[in-house]
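Topology and contacts: notes
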Amino acid sequence: MLRKWIDDKLDQVFPSPEEIVSEMRLDVSFKDVTFETLNDTEFIGRLKQAYPGIDWDKPYSDFRAMGEDQKQP
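This structure is a prediction, so every number in the text was calculated from the model and none was measured. (Residues numbered from 1 in each chain as written. Predicted model: local features only at pLDDT ≥ 70, side-chain atom pairs only at ≥ 80, totals over all residues. Heavy atoms only, no water.)

**Overview of the overall build of the protein**
Within the protein one finds five helices and zero strands. Taken from N to C terminus, the helices and strands of the protein fall in the order α-α-α-α-α. Expressed as a percentage of its 73 residues, the buried residues of the protein come to 3%. Per element, the accessible surface of the protein, about 7400 Å² overall, is 58% carbon and sulfur. (Helix = DSSP H or I, 4+ residues; strand = E, 2+ residues; numbered from the N terminus. Buried < 20%, exposed > 50% of the residue type's maximum accessible area, 1.4 Å probe, protein only. Areas by Shrake-Rupley, 256 points an atom, 1.4 Å probe, with all protein chains shown as cover.)

The following block contains the structure:
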């Protein structure tokens with residue numbers, strides 16, 4: 001009986017999960033990053049500012065090295 005009484009009191013105060021998530025939605029927007037974008041100094045500067053803990057020079061240099069290897073006969 002005590003458990004039912006507590007549940008009833010809590011139901012009066014807290015909304016149900018259905019009420020909370022009924023208005024929830026997810027919007028997804030995919031963005032492509034082109035080679036030209038990677039060469040844009042303003043883009044790279046903003047990327048480094050937004051994510052300072054990542055070495056953004058390494059993936060770029062690895063990509064260029066891989067591309068250069070593929071061009072050689």
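**Observations regarding the environment of tryptophan 56**
Inspection of the secondary structure assignment puts tryptophan 56 in the loop between α4 (41-50) and α5 (57-71). Remark: the alpha-carbon pair of tryptophan 56 and glycine 45, spanning 11 residues in sequence, is separated by 9.9 Å. With residues up to four places along the chain from it excluded, the contact list for tryptophan 56 reads Leu47, Lys48 and Tyr51. (Contact = heavy atoms within 4.5 Å.)

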